[in-house]
Amino acid sequence: MIELNKAVVLHPKGISSPELKAVKMLREEITRRTRLILPTTTDLPIGSFPLIIVATRENCPAPAKPFLDLLPPTLQDDQTSHEGYLLKVVKSQAGGPLVLAIGNTPRATLFAVGRLLRCLRMERDRLSIPENLCISSKPIYPLRGHQLGYRPKTHSYDGWDLAIWEQYIRDLVVFGTNAIELIPPRSDDASDSPLFTLPPLIMMREMSRLADEYDLDVWVWYPAMDEDYSDEETVAFALKEWAEVFKALPRLDAVFVPGGDPGHTSPKLLLSFLEKQADNLRHYHPSAQLWVSPQGFSSVWMEEFLALLKKEPDWLTGVVFGPQVRLPLPRLRELIPQRYPIRLYPDITHNRQCQFPVPNWDMAFAFTQGREGINPRPVQMSQIAKRHLPYSIGFITYSEGCNDDVNKIIWSTLGWNPEAEPLEILQEYAGYFIAEEFREAFAQGLLSLEKNWDGPLLSNDSIPTTFLQFQEMERTAPPMTKLNWRFQMALYRAYYDAYLQARLRYERHLEEKAMEELRKAQLYGSLLAMDKAEEILNKAVTEPVASDIRARIFELAEALFQSIRMQLSVQRYYAIEVERGANLDTLDFPLNNSIWLKSQFSQIRSLQDEKERLKRIEEILNWKNPGPGGFYLDLGSFTSLSYAVDRKPYEEDPEFRESPLIGFAHHPDKPISWWYHLESRYDAPLKLRLQGLNPEYSYRLKVVYAGDRVIKIRLVANEEYEIHPFIPKPYPPRPLNFEIPKSAIKNGELILSWYPEPGLGGNGRGCQVAEIWLIKEERK
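My aim in this report is to walk through the structure given alongside it, one point at a time. (Residues numbered from 1 in each chain as written. Predicted model: local features only at pLDDT ≥ 70, side-chain atom pairs only at ≥ 80, totals over all residues. Heavy atoms only, no water.)

As for the packing of helix α10 (residues 378-388) against helix α11 (residues 405-416)
When two helices pack together, you describe them by how their axes are tilted relative to each other and by the distance separating the axes.
Phase 1 of the analysis: Taken N-terminus to C-terminus, the directions of α10 and α11 make an angle of 35 degrees; their axes are 9 Å apart at the nearest point. Crossing of α10 against α11: the hand is right-handed. Side by side, α10 and α11 meet where P378, M381, S382, I384, A385 and K386 of the first sit next to N407, I410, W411 and L414 of the second. (Axes fitted to C-alpha atoms, helices over the stretch in contact; angles between N-to-C directions. Helix = DSSP H or I, 4+ residues; strand = E, 2+ residues; numbered from the N terminus. Left-handed = near helix turned anticlockwise from the far one by under 90°. Contact = heavy atoms within 4.5 Å.)

What follows is the structure in structure tokens.
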């Protein structure tokens, strides 16, 4: 390692805004981590002290010119070579070290400095660099961006001021981000937030200006939400409204209009409207691009959309692939004209009911940490990126806040170099953002947080270990690290996971003890049995477990609001709703059947006849009992996945287009076995193989169709016998009964296939089945 404590930063005179930002970023980020203030100069200093040269190929100081041949060549037909750079440590003629950060263009100097910052070893009062450093690099994908929407629906962004925005944009640039995507003042959101630091349009303007100073591409996600674009007055209003936004922005490179969510306009009307908006856009920004996605389109609308694209309208730049696109990405690429590139819009922010749900997620996490919980998913995001990127020019991710910060860095790094490994990326993340001393420990901790969410929470032995590791980091961390919001987020997750596991084990134990009391109802009466059972269930509140961990979670939530305006509670921190990341409000959400049991007790107590009360208690005790020779399966349990037919490995099907997944939907006052289910997507069937059945018997199927989407569903046995035609799913859910023909069971095996109503648009969620019972019925 070469010491750089006394280094001087040299840059040419009269440099551009991105180069100035690069030099400023280098000096300020070094100072923030080391307390060292490096001087700058535009004249070659005399002496043997270390020199850091930041420049472009065309405006390069003399000491760096002999090494320009090492820069990636700039080729006219290469979309990324203009972002290429060289990092190299050499010796100057005076004998001192030279650190070269040379970019092919002013923008490239930012990426050169970003990579330099990741390579430096920065510690308190010490700065050093590997003496053999030599990196010549350019990105593989030309677009590497993230949506940064200043709107109330996000759980942190709406509380940020320009200083926080600049720091976050700078952080993303360090890892190769070259684009941001803004959201207009009117979207599918509230018009104001109590945390807004500036009015939305003014903040949008200032973020555009800020991005331009860093020479980052500025995109706008602009939903077409008006009801009827066949109406001339509606179109005129929209053209005027959008023009006000276009005119306000100092820089605007592209507009992306989603086909749905929000918006629900047929492709013919939508594209006709967007042709007018393309002219509107280019009046203010002549080179700006316009992109569209077929998000939420039904099969009929998708065919209409593809037919329109075959006419190759020249006002359209490209097509966006993101959530709720019913065609797989390879098929979409095959069907749209080659002149239209594809941009990815991957959802990296949501954990359930989304494009890439967390696989094998426990119900306890789903209903507490929720859809927008803190979600470092480095391995899964790497698998998703490497599978999807080859069909595209790159990405701008879908983000709702800083909960997905690790995922942003994974995507940015892989957009530059798809061969990078998750651990390598996390080590740079930890060394740069947290502290050099935690480079390895924090990186491994982030991997462990991802593993915490894999499989049954009750039996996950990695959670206590992960918790102890983060507690040790917390104990030894210096004050500045403890104030670091990224460190606080990881701690919050580690504490939250550990608390949930302790609660789940405790509350499931309480439920078992309560059921033991119910089994004694025949001995001392139904009313006393229910009273005793309810008293035991209430111990989850009256005698809680892990109170010290719970208290620390509240402290970390407060710290995160202060440090990064993270809104982990509606009442305390102004989150717009609980589902929008406010998981402090669901920290104590019941993890057993207590809600359902107490509801049942209330109903049973209203019965006058003791025999009726005892009968209802027996039904509770035997809820999962299919009777002699019968079969029961709690679909949505991890066991049920082993019955699924043709499941694919996660890395081959991260969108679950062909494989069933465990889905979630809260149904108050229902058994928790109805809160989760096995789910198929789009038009794919949900298939289960049941074995060990007796072919001499007929069976009655009792089934619960749960979930959150009311559609029609059809059931077939062995692809031969229709058990029921397309019928609407009952809502609220309730058990349905159907006869299974004896001839449908062959060699003791039965394959049940549920088919969703085909061709639907919307979110793509299809069959959602919560429980099945096969009840044996002997035929004489």
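Here the narrative resumes, following the displayed structure.
Observations regarding the sheet that holds strand β9 (residues 134-137)
Phase 1 of the analysis: Read across the sheet, 6 strands follow the order β3-β2-β4-β6-β5-β9 without closing on themselves; strand pairing throughout is mixed. The sheet is open, and its two borders are formed by β3 (40-41) and β9, each paired with just one other strand.
Phase 2 of the analysis: Bridge analysis of strand β2 (residues 8-10) against strand β4 (residues 51-56) gives 3 bridges, and the strand direction is parallel. Paired with L10 across the bridge in β4 is I53.
Phase 3 of the analysis: Contacting β2, β3 and β4, helix α1 (residues 17-34) runs over the sheet at an angle of about 155 degrees to β4. (Pairing = 2+ DSSP bridges.)

Observations concerning the state of the cysteines
One way to say it: the disulfide is the covalent bond shared by the sulfur atoms of two cysteines.
Phase 1 of the analysis: Applying the stated criterion to the full structure yields 0 disulfides.
Phase 2 of the analysis: C119 supplies the cysteine sulfur nearest to C134, a cysteine that is in no disulfide, at a spacing of 11 Å.
Phase 3 of the analysis: The closest cysteine sulfur to the non-disulfide-bonded C354 is located on C402, 18 Å from its own sulfur.
Phase 4 of the analysis: On the basis of relative accessible area, C354 is assigned to the buried category, the value being 9%. (Disulfide = S-S within 2.5 Å. Buried < 20%, exposed > 50% of the residue type's maximum accessible area, 1.4 Å probe, protein only.)

What to know about the pairing of strand β17 (residues 394-397)
Phase 1 of the analysis: Neither face of β17 is exposed, since G394 and I396 on one face and F395 and T397 on the opposite face are all buried.
Phase 2 of the analysis: Pairing analysis gives 4 bridges linking strand β10 (residues 143-147) to β17, with the strands arranged parallel. The partner of R144 across the bridge, within β17, is F395.

Side note on the pairing of strand β19 (residues 661-664)
Two faces make up the sheet, and in a regular strand the side chains alternate between them.
Phase 1 of the analysis: Both faces of β19 are covered, namely the face carrying L661 and G663 and the face carrying I662 and F664.
Phase 2 of the analysis: Summarising the sheet, β19 and strand β20 (residues 676-681) pair through 4 bridges and their orientation is antiparallel. Within β20, the position partnered with I662 by the bridge is L678.

A few points about the sheet that holds strand β24 (residues 721-728)
Working definition: the strands of a sheet are paired by backbone hydrogen bonds and lie parallel or antiparallel to each other.
Phase 1 of the analysis: Taking strand neighbours across the sheet as the criterion, the 4 strands line up as β21-β26-β23-β24 in an open arrangement whose pairing is antiparallel. Since the sheet does not close on itself, it has two edges, and those belong to β21 (686-690) and β24, each with one partner. Neighbour to neighbour, the strand axes of the sheet diverge by 15 degrees on average, direction disregarded.
Phase 2 of the analysis: One ladder, built from 5 bridges, connects strand β23 (residues 712-717) with strand β26 (residues 750-756); its direction is antiparallel. Within β26, the residue paired with A717 across the bridge is L752.

Some words on the side chain of Q147
Phase 1 of the analysis: With respect to the helices and strands, the residue Q147 is situated in strand β10.
Phase 2 of the analysis: Among the polar contacts made by the side chain of Q147, one reaches the side chain of Y345 at a distance of 3.0 Å.
Phase 3 of the analysis: Apart from the residues lying within four places of it in its own chain, the contact partners of Q147 are Y157, E181, I183, W221, Y345, I396, T397, Y398 and S399. (Polar contact = N/O pair within 3.5 Å; in protein donor to acceptor, adjacent residues only side chain to side chain.)

Examining the nonpolar core
Phase 1 of the analysis: With 209 residues, the main nonpolar core has F442, W754 and I772 as its most contacted residues.
Phase 2 of the analysis: If near-sequence neighbours (up to four positions away) are discounted, F442 is found in contact with Y429, A430, I434, F470, M473, R486, F487 and A490.
Phase 3 of the analysis: Residues L510, A529, L597 and L614 belong to the second largest nonpolar core, which totals 18 residues. (Core = buried A, V, L, I, M, F, W, Y, C linked by side-chain atoms within 4.5 Å.)

Read these as spatial facts, not as claims about activity.
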